[in-house]
Amino acid sequence: MTENEIREPVQKRSIEKKEKIINAGFDLICQKGYYNTNTAEIAKSAGVSTGIIYQYFKDKHDILLAGVEKYASDIFYPMLNIATTKFEKKDLDKILRTMITKFIENHKLSQEAHEEIMAMTHSDKEIAKYFHEHEIVMTNSITNLLLQNGFSQENLSEKVHIVIHLIDDLCHEIVYHKHKEMNYDIMTDITIKTIEDLLSWEQKLALITLAQTTAFCSPRFGSRAKIYAINFLLNIVLYNFPVI
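Predicted model only: the values in this text are computed from it and were never measured.

A. The arrangement of the layout of surface pockets in detail. When its volume is computed, the second largest pocket comes out at roughly 290 Å³. As for the second largest pocket, its lining consists of 16 residues, of which F26, D27, Y71, D74 and L109 are closest to the centre. Elements represented by at least two residues in the lining of the second largest pocket include exactly helix 1 (12-32) and helix 4 (60-82). With 6 residues, the top contributor of residues to the lining of the second largest pocket is helix 1. A per-class count over the lining of the second largest pocket returns 7 nonpolar, 5 polar and 4 charged.

B. Region of interest: the packing of helix 1 against helix 2 (residues 39-46). Where helix 1 meets helix 2, the axes come as close as 8 Å, and the angle between the chain directions of the two elements is 125 degrees. As the angle between them shows, helix 1 and helix 2 are arranged oblique. As for the relative orientation of helix 1 and helix 2, their crossing is right-handed in sense. Within the contact between the two elements, helix 1 uses K20, I21, A24, G25, L28 and K32 and helix 2 uses E41, I42, S45 and A46. Partitioned by chemical class, the residues of the contact of helix 1 with helix 2 number 5 nonpolar, 2 polar and 3 charged.

What counts and what doesn't
- Residues numbered from 1 in each chain as written.
- Predicted model: local features only at pLDDT ≥ 70, side-chain atom pairs only at ≥ 80, totals over all residues.
- Heavy atoms only, no water.
- 1 Å grid on protein atoms, 1.4 Å probe; cavity = no way out; pocket = protein on both sides within 12 Å on 5 of 7 lines; lining within 4 Å.
- Points joined across faces, edges and corners; volume = space filled by probe spheres on them.
- Helix = DSSP H or I, 4+ residues; strand = E, 2+ residues; numbered from the N terminus.
- Nonpolar A, V, L, I, M, F, W, Y, C, P; charged D, E, K, R; others polar.
- Axes fitted to C-alpha atoms, helices over the stretch in contact; angles between N-to-C directions.
- Parallel < 35°, antiparallel > 145°, perpendicular 65-115°, else oblique.
- Left-handed = near helix turned anticlockwise from the far one by under 90°.
- Contact = heavy atoms within 4.5 Å.

Next comes the structure, spelled out in structure tokens:
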């Protein structure tokens with residue numbers, strides 16, 4: 001059957017049938033591997049004939065792409081919904097914790113299935129392109145939200161991209177790797193603090209420069225007093241509390 005003859009279901013039963021094929025095919029491919037799965041097995045698992053599969057899909061690769069799209073949407077779309085929320089800078093900690101929680105909740109695949117999909121991103125150009133495009137969409141969405149809420153635009157897209165991968169890596173550690181030696185509450189706190197510092201570094205750098213200039217230019221300070229004043233101001237800027 002040619003590409004032009006592929007059907008796009010309209011009726012509810014047909015839509016549900018196509019969804020069954022996608023879910024069955026994606027599950028089998030994740031369990032057995034792409035190259036160890038054939039359309040006859042997918043048809044049997046979905047409870048349809050092989051002929052029905054070819055009404056909706058060109059081949060098993062087409063089914064895989066549809067499954068990856070659904071999987072990626074389950075992970076990325078909740079994040080994008082959070083990224084459309086207006087917030088105050090002081091609420092960034094809460095927003096980040098919500099994003100991390102949603103990310104963890106939506107990593108529903110088994111470790112084996114996740115590894116199979118990640119392996120496919122290295123060997124399949126279409127799948128790699130799909131994930132690449134979704135990462136950029138998420139990066140742009142979160143970047144725009146931060147700009148709207150007063151964050152510095154300097155290198156912001158690059159910082160946001162790093163942030164997304166920090167959160168993703170944290171979630172993979174919690175969901176898949178599960179090192180019992182690790183305290184994940186502490187790891188989450190460190191991740192959030194790292195992200196907050198990364199996003200606010202330009203402002204802190206400006207305050208550091210101001211602190212240095214103020215201390216050195218003030219005629220009221222002797223050399224030792226200037227060093228103490230700089231140390232005091234730097235600790236306020238960098239750590240939000242003075243260290244004596």
